[in-house]
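Okay, here's what each chain looks like letter by letter:
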Amino acid sequence: MADVTQETRQQQNGKIETSHHPETDSQRKDKYYYGIPPIKRAHWTWQIPIYFWIGGISAGVQLFTTLANVLGHKDEALTRIGRYTALVTMILSPILLIWDLGRPERFYNMMRIWKLRSPMSNQSWALVVYGNLAGLIAARQAAEDGLLGRGLLPRLVARLVPARFLSVLALPVALFVGSNTGTLLSATSVPIWARNWMLMGPTFLASGVSTALSYLSLVLHLGHWGEKKTHHVLRRAERATLLIEAGLIAASLVRMSRWSKPLFSREIAPLFVGGTLLGGIAAPLALLSGKETRGKSMFTSTLVLLGGLALRFAMVQAGRKSADDPEAYFTFARGENAPQPEDKI
Amino acid sequence: MATGFLTDTTVCIGCKACEVACKQWNQIPADGYELTGDSYDNTKQLSGTTWRHVAFIENPKKQRKLTGDVDLLALAEDVHQTLPGGAELDGLGRWTFMSDVCKHCVEAACQQACPTGAIIRNEFDNVYIQPDVCNGCGYCVPACPYGVITQVPEDGRVFKCTLCYDRQRDGLEPACAKACPTNSIMFGDVEELKQVAAERVATLHAKGYENAYIYGTPEIGGTGGINGDHSKFILMDEPETYNLPAHPFLPQAKVKGGFVASAVAATVLGAVVALAFRD
């Protein structure tokens, strides 16, 4: 800078413009330490949100079919679909989860120990228990349906496997799988997840049940199966569950307060506001209150299913954005905002 | 005996010998040759392949006019004395260096998150990843309140400072502490280092540096549930200046609460669905 006079140089002397520091370089907008995130985000790719979605559906299907069974509502098509769905989801889930591991061939190390403090460990064991129960129950169904042939073994399975008892046993484990997908996210240092530690599990579970009811309704409609009463109950339960889900999401947003910002960012808002809030909850609620037709019902179910998927993707993406934002983490980790051991709420 | 680090940032000269020694001893791959333009920091942050990282903070906090003859040497040394003609010497502020490392938390979030039990506390009470057990699930990465533990994509597993477990077993101090030319990085018994840190901070206070403090003890600042760190630091500025959180917290403290809330939600949802079956 040749044109700088001695005088101006002296004036600047007290107000030094250091090389590129955020605080002195007015051109730089990054804050704190050169805008470098103080925490690291999770590497999880698309398999994880899809697993969260499938796990939620599995939990909800288990809830509905088990309740139907216990309450004496007889619908063979519903039972059959419920049992096969549980099996298929419990085959897909581990595949997706193992796929996402950095060292997939070592997946069995998850079974080395059981750690109550680690939601990931609890999740792995819950999947083992629920997966095996679902397998047994589905085997009995397959034997009854004649899919396993007419040998001695299928006959023994059909007679000896106590499917009803096992599905009651599997229910709490399935519900744990569905809710723990949310709790798992909240037990991290990521502000948007950690701040909402109490409602992450309930929100994911409510969304799981609503997507499961829609899934059942959609499949029954597709195959022209199911009793009339089943459809009626599904519709009624769907309406109530969607309302609970909406309430939980609203409460979550209040709880997340300023750290919910990523959900409304340009990249995630279409997914969260458009996909989940409007497409997955508001529109289906409106459609469910009108007259019921097969086409409309199937359309509504599809919307709810896509909305639930959008919610999982939005939450995981928002977590990445939240972890990448130094401002969010530092404001969160200062003072009363972060969860403290002595906290009651 | 619990061992740990004490990193005294007030005597760090930013030579990066610790970074080099760490890479060399632990045979960690290079990170490339990116020039960031962010002061002299081209390493940027701790990662799976960087277990020591020297931060360069150009601290322009004290912005005062310099008048009269300026003694540049005294300026650089941050000497406080009245000069003829009312000249002030601390106009430049400080250029601070800080060698960052895994904090080896007393209650480690990464260790609690690990579902395989790969992350353990070894006989020196350091947080250590067993590389033959880790399956790369990556759950410890967002759990760490300091952003230390990181997955190496080419390998799949996560890595971080081992506090030179192998050297310690042979009675040697960690490579970074050995290489540090100003003794900014001290290694030893955690209790002893606590003493050293307290004395050093007292000395600094006596010299007029009132803002010096120890980072990583539960006594100073609530380290919510982490219970302090085995690698402590002597800092001269807000923790955020060094890219450290003021009050790190233990994320797993709320797992039980989340479980109870989920159980309540499951009961309510079950009741609602059951009610829908009524005629």
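Residues numbered from 1 in each chain as written. Chains lettered and ligands numbered in written order. Predicted model: local features only at pLDDT ≥ 70, side-chain atom pairs only at ≥ 80, totals over all residues. Heavy atoms only, no water.

Visitor: Teacher, can you tell me more about the overall build of chain B here?
Guide: Helix and strand counts for chain B come out as eight helices and ten strands. A buried classification covers 59% of the 279 residues belonging to chain B. Of the roughly 11600 Å² of accessible surface on chain B, 56% is carried by carbon and sulfur atoms. (Helix = DSSP H or I, 4+ residues; strand = E, 2+ residues; numbered from the N terminus. Buried < 20%, exposed > 50% of the residue type's maximum accessible area, 1.4 Å probe, protein only. Areas by Shrake-Rupley, 256 points an atom, 1.4 Å probe, with all protein chains shown as cover.)

Visitor: Please clarify how the overall build of chain A should be interpreted in this entry.
Guide: Counting its secondary structure elements, chain A contains twelve helices and zero strands. Listed N to C, the secondary structure of chain A is α-α-α-α-α-α-α-α-α-α-α-α in terms of helices and strands. Going through the 345 residues of chain A one by one, you find that 54% of them count as buried. Taking contacts inside chain A between residues at least 6 apart in sequence as the whole, the part at least 24 apart equals 76%. (Contact = heavy atoms within 4.5 Å.)

Visitor: How should the interface of chain B and chain A be read in this particular structure?
Guide: Interfaces are frequently sized by the accessible area removed from exposure as the parts join. Each partner contributes residues to the interface: chain B has 86 residues there, and chain A has 82 residues. Around 7000 Å² of area is buried between chain B and chain A when both sides are counted, 60% of it from carbon and sulfur atoms. Applying the counting rule to chain B against chain A returns three salt bridges. Arg334(A) is paired through a salt bridge with Glu238(B); the nearest N and O atoms lie 3.3 Å apart. Applying the counting criterion to the chain B and chain A interface returns 33 residue pairs in polar contact (both at pLDDT 80 or more). When contributions to the side of chain B that touches chain A are tallied by element, the ones reaching two or more residues are β2 (52–59), α3 (109–113), α4 (140–143), β6 (150–151) and α8 (255–276) of chain B. (Buried area = accessible area lost by both parts, 1.4 Å probe. Salt bridge = Lys/Arg side-chain N within 4 Å of Asp/Glu carboxyl O. Polar contact = N/O pair within 3.5 Å; in protein donor to acceptor, adjacent residues only side chain to side chain.)

Visitor: What is the right way to look at the packing of aromatic side chains in this model?
Guide: Ring pairs (aromatic) are described by centroid distance and by the angle formed between their planes. Summed over the entire model, instances satisfying the criterion amount to 23 aromatic pairs over all chains. Measuring from ring centre to ring centre gives 5.2 Å for Tyr40(B) and Trp95(B), while their planes differ by 85°; the resulting arrangement is edge-to-face. Taken together, the residues span a long stretch of sequence, with Tyr40(B) in the loop between α1 (17–26) and β2 and Trp95(B) in strand β3 (residues 94–101) at a distance of 55 residues. Put simply, the rings of Tyr40(B), Phe56(B), Trp95(B) and Phe97(B) pair up and form one aromatic cluster. A cation over an aromatic ring shows up here: Arg167(B) above the ring of Trp25(B), its NZ or CZ 4.6 Å from the ring centre. Its guanidinium or amino end placed over the ring of Trp197(A), Lys254(B) lies 5.1 Å from that ring's centre, counting from NZ or CZ. (Phe/Tyr/Trp six-rings, centres within 6.5 Å; stacked < 30°, edge-to-face > 60°. Lys NZ or Arg CZ within 6 Å of the ring centre and 35° of its normal.)

Visitor: Before we go on, may I ask you to explain a nonpolar patch on the surface in this structure?
Guide: Nonpolar side chains collect at one region of the surface, where Trp46(A), Ile91(A), Ile95(A) and Trp99(A) lie side by side and expose about 440 Å² of accessible area between them. Relative to the helices and strands, Trp99(A) resides in helix α3 (residues 76–99). (Patch = residues over 30% accessible without salt bridge, like charges linked within 9 Å, V, L, I, M, F, W, Y side chains within 5 Å.)

Visitor: So what exactly am I meant to see when it comes to the state of the cysteines here?
Guide: Defined simply, a disulfide is a covalent bond joining two cysteines at their sulfur atoms. For the structure on display, the rule yields zero disulfides over all chains. The closest cysteine sulfur to the non-disulfide-bonded Cys18(B) is located on Cys15(B), 6.3 Å from its own sulfur. (Disulfide = S-S within 2.5 Å.)

Visitor: Which parts of the structure should I look at to understand the packing of helix α4 (residues 119–144) of chain A against helix α5 (residues 152–160) of chain A?
Guide: Geometrically, a packed helix pair is captured by the angle between its two axes and the distance between the axes. All names here are of chain A. Relative to each other, α4 and α5 sit at 120°, their axes nearing to 8 Å. Considering their axes alone, α4 and α5 lie oblique with respect to each other. Crossing angle aside, the handedness with which α4 passes α5 is left-handed. Counted together, Ala139, Arg140, Ala143 and Glu144 of α4 and Pro154, Val157 and Ala158 of α5 form the full contact between these two elements. Residue classes in the contact of α4 with α5 are distributed as five nonpolar, no polar and two charged. (Axes fitted to C-alpha atoms, helices over the stretch in contact; angles between N-to-C directions. Parallel < 35°, antiparallel > 145°, perpendicular 65-115°, else oblique. Left-handed = near helix turned anticlockwise from the far one by under 90°. Nonpolar A, V, L, I, M, F, W, Y, C, P; charged D, E, K, R; others polar.)

Visitor: Even after reading the chapter, I still don't get the pattern of salt bridges, so can you show me in this structure?
Guide: Opposite charge on two side chains makes pairing possible when the charged atoms of those side chains draw close. All told, the structure shown has 16 salt bridges over all chains when counted by the stated rule. Close ionic contact of Asp125(B) with Arg121(B) constitutes a salt bridge, the shortest N to O distance being 2.7 Å. Look at Arg121(B) and you get partly exposed, because its relative accessible area is 24%. Taken together, the shared-partner salt bridges connect Glu76(A), Arg80(A) and Asp145(A) into one network.

Visitor: How should I be thinking about the environment of Val168(A) in this particular structure?
Guide: All names here are of chain A. Note that Val168 resides in helix α6 (residues 163–186). Judged by its relative accessible area of 42%, Val168 falls in the partly exposed class. Ignoring any residue separated from it by four or fewer positions in sequence, one finds Val168 in contact with Thr66 and Val70.

Visitor: What should I look at first to understand the UniProt feature "transmembrane region" (unreviewed entry) in chain A in this one?
Guide: Residue and element names in this part refer to chain A. In the numbering adopted here, UniProt assigns the feature "transmembrane region" (unreviewed entry) to residues 50–72, 84–102, 163–185, 197–220, 240–256, 268–286 and 298–315. Taken end to end, residues 163–185 comprises 100% helix and 0% strand; its first and last C-alpha atoms sit 33 Å apart. The span residues 298–315 shows a helical share of 100% and a strand share of 0%, and its end C-alpha atoms are spaced 26 Å apart. (UniProt positions renumbered as here; feature names shortened; annotations may be inferred.)

Visitor: Honestly, the side chain of His231(A) in this entry has me stumped. Any pointers?
Guide: Residue and element names in this part refer to chain A. When you line up the elements, His231 lands in helix α9 (residues 228–256). Residue classification places His231 among the buried residues on the basis of a relative accessible area of 13%. Polar side-chain contacts of His231 include one of 3.5 Å to the side chain of His221. In this structure His231 touches Ser217, Leu220, His221, Trp225, Gly226 and Glu292, once residues within four positions along its chain are discounted.

Visitor: What should I look at first to understand α3(A) in this one?
Guide: For the α-helix, the turn length of 3.6 residues means that residues three or four positions removed from each other point alike. Residue and element names in this part refer to chain A. End to end, α3 covers 35 Å across 24 residues, agreeing with the expected 34 Å (1.5 Å per residue, within 8%). For α3, the complete set of buried residues consists of Ala77, Leu78, Ile81, Gly82, Arg83, Thr85, Ala86, Thr89, Met90, Ser93 and Leu96. Looking at the buried positions of α3, the neighbouring elements they touch are α2 (47–70), α4, α6, α8 (197–222) and α9. A distance of 3.2 Å separates the backbone nitrogen of Ala77 from a side-chain oxygen at the start of α3, and that oxygen is part of Asp75. (Expected span 1.5 Å × (residues − 1).)

Visitor: How should the sheet that holds strand β9 (residues 213–215) of chain B be read in this particular structure?
Guide: Sheets are built from strands paired through backbone hydrogen bonds, the pairs being either parallel or antiparallel. Residue and element names in this part refer to chain B. Taken in spatial order, the four strands line up as β8-β1-β10-β9 in an open sheet, and their pairing is mixed. Looking along the sheet, the strands with just one partner apiece sit at the ends: β8 (185–189) and β9. The sheet shows a mean angle of 25° between the axes of neighbouring strands, taken without regard to direction. Taken together, the three bridges between strand β1 (residues 3–8) and strand β10 (residues 232–235) define a ladder with parallel strand orientation. Bridge pairing in β10 places Thr7 opposite Phe233. (Pairing = 2+ DSSP bridges.)

Visitor: Honestly, the pairing of β1(B) in this entry has me stumped. Any pointers?
Guide: A regular strand carries its side chains on alternate faces of the sheet. Residue and element names in this part refer to chain B. Buried residues dominate β1, accounting for six of its six residues. Summarising the sheet, β1 and β8 pair through five bridges and their orientation is antiparallel. By the bridge assignment for β8, Thr7 is matched with Ile185.

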